[in-house]
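Below, each chain spelled out in residue letters.
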Amino acid sequence: MAKKSPEGSWSAGRRGGLVWKQEKWPAKVRVFRKTEQHWDRVLDLLYWRDVGTTGLVFTGLVVGLACLFQLSAITILSNLGLGIMAFTLPVRFLYKAMVLVRLSDGSHPFQSYLDEDRTLTDEDTVRMAEQTVLLIATAVTELKRLFFIDSIMDSAKFVVFLYLLTYVGVQANGLTLVMTGVICAFSLPLLYRLQRERIDKIVKAIKKLVDKITEIVDLVVSLAKPPPALAPSPAPTPKLKQKTK
């Protein structure tokens, strides 16, 4: 029997033997598979499954953000580009010289990077635009609900959150928060994997406490609400007396 795979199948050819036939996936399936692959790569970085790659990415992010405290973004990007060119240009000249003295077959040293297809298709562009518009619309709807007090409990939480942000803004700037977020993103998943049982117990205890506090606040809010006004009872309709003959 011919073996089948998610991307194609082997079938018998006209002159015998097996021929590989590529199956065309629907657009939504292809987009979903690409998104899933990108998400798997992010998880591999955050969980330190490849220590060398994760260490390189983490160190580069932290060093780059630390440089932003002293230098501008334009200076950092230009120096980074010069550093890359200082490596790639001599290597390209070296391979060119090896071709002239017939020590190389003329292959490009960075051909594998040049062959990578990073262009966005129409489907990817439409998907990203839809996700962006949906995210903006959801954020605007949620902010409108919070500012105009659709739910007293949610608006009270939002007020507390904004009040706490005022203290955070005094103690730290946006760049410090970004660096803290990067460090937490690379350290917390690893910490959770090593101390999963203890963290789960702490999270359950905190969740129970929050649920009790929420129930108490909901009860107080319901008691503070005025009772609904009773609807006026309809006036009785006069009964007509039957005429006696």
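Residues numbered from 1 in each chain as written. Predicted model: local features only at pLDDT ≥ 70, side-chain atom pairs only at ≥ 80, totals over all residues. Heavy atoms only, no water.

- Looking at an unreviewed UniProt entry, one finds the chain named Reticulon, with Anabarilius grahami as its source organism.
- Heading Subcellular location (unreviewed entry) of the UniProt record for the chain holds this comment: "Endoplasmic reticulum membrane". (UniProt positions renumbered as here; feature names shortened; annotations may be inferred.)

### Some words on the packing of helix α2 (residues 51–67) against helix α7 (residues 174–194)
Piece 1. One can describe the packing of α2 onto α7 by two numbers: an axis separation of 10 Å at closest approach and a directional angle of 170°. Classed by the angle they form, the pair α2 and α7 counts as roughly antiparallel. Here α2 and α7 pass one another in a crossing that is left-handed. On α7, the residues touching T54, V57, F58, L61, V62, L65 and A66 of α2 are L175, V178, M179, V182, I183 and F186.
Piece 2. Looking at the contact of α2 with α7, its residues break down into 12 nonpolar, one polar and no charged. (Axes fitted to C-alpha atoms, helices over the stretch in contact; angles between N-to-C directions. Helix = DSSP H or I, 4+ residues; strand = E, 2+ residues; numbered from the N terminus. Parallel < 35°, antiparallel > 145°, perpendicular 65-115°, else oblique. Left-handed = near helix turned anticlockwise from the far one by under 90°. Contact = heavy atoms within 4.5 Å. Nonpolar A, V, L, I, M, F, W, Y, C, P; charged D, E, K, R; others polar.)

### Focus: the UniProt feature "transmembrane region" (unreviewed entry) in the chain
Piece 1. When the UniProt feature table is mapped to this numbering, "transmembrane region" (unreviewed entry) covers residues 51–71, 77–95 and 174–192.
Piece 2. For the annotated span residues 77–95, helix accounts for 100% and strand for 0% of the residues, and the straight-line distance between the end C-alpha atoms is 27 Å.

### Regarding the layout of surface pockets
Piece 1. There is about 230 Å³ of room inside the second largest pocket.
Piece 2. If you list the elements that add at least two residues to the lining of the second largest pocket, you get α2 and α3 (73–100).
Piece 3. Among the elements that take part in the lining of the second largest pocket, α3 stands out by supplying five residues, more than any other.
Piece 4. Along the lines of polarity and charge, the residues of the lining of the second largest pocket split into eight nonpolar, three polar and no charged. (1 Å grid on protein atoms, 1.4 Å probe; cavity = no way out; pocket = protein on both sides within 12 Å on 5 of 7 lines; lining within 4 Å. Points joined across faces, edges and corners; volume = space filled by probe spheres on them.)

### Some points on the nonpolar core
Piece 1. In this structure, L46, L65, M179, V182 and F186 together form the largest nonpolar core, which totals five residues.
Piece 2. No other element matches α7, which puts three residues into this core.
Piece 3. In this view, V182 contacts F58, L61 and L65; residues no more than four positions away in its chain are not counted. (Core = buried A, V, L, I, M, F, W, Y, C linked by side-chain atoms within 4.5 Å. Buried < 20%, exposed > 50% of the residue type's maximum accessible area, 1.4 Å probe, protein only.)

### So, the side chain of T54
Piece 1. Along the polypeptide, T54 turns up in helix α2.
Piece 2. T54 gets classed as buried once you look at its relative accessible area, which sits at 0%.
Piece 3. A polar side-chain atom of T54 sits 3.2 Å from the main-chain carbonyl oxygen of L45.
Piece 4. Contact partners of T54, with chain neighbours within four places excluded, come to D44, L45, W48 and F186. (Polar contact = N/O pair within 3.5 Å; in protein donor to acceptor, adjacent residues only side chain to side chain.)

### Here's the deal with α7
Helical periodicity: at 3.6 residues per turn, an α-helix aligns residues three or four positions apart in one direction.
Piece 1. Taking 1.5 Å per residue, 21 residues should reach 30 Å; α7 reaches 30 Å between its end C-alpha atoms and fits that length.
Piece 2. The sharpest bend along α7 comes to roughly 25°, located at C184.
Piece 3. If you check which residues of α7 are buried, you get M179, V182, F186 and P189. (Expected span 1.5 Å × (residues − 1). Bend = angle between axes of the 7 residues up to and from the residue.)

### Considerations on the packing of aromatic side chains
Piece 1. All chains considered together, the criterion is met by five aromatic pairs.
Piece 2. Between F147 and F158, the aromatic rings sit 5.4 Å apart at their centres with planes inclined by 90°, giving edge-to-face as the arrangement. Of this pair, F147 sits in helix α5 (residues 122–147) while F158 sits in helix α6 (residues 152–171); the two residues are 11 residues apart in sequence, bridging distant segments of the chain.
Piece 3. Among the residues examined, F158 registers a relative accessible area of 15% and is labelled buried.
Piece 4. On the basis of an interplanar angle of 75° and a centroid distance of 5.3 Å, the ring pair of Y163 and Y167 is categorised as edge-to-face. Taken together, the residues span about one helical turn, with Y163 and Y167 both in helix α6 at a distance of four residues. (Phe/Tyr/Trp six-rings, centres within 6.5 Å; stacked < 30°, edge-to-face > 60°.)

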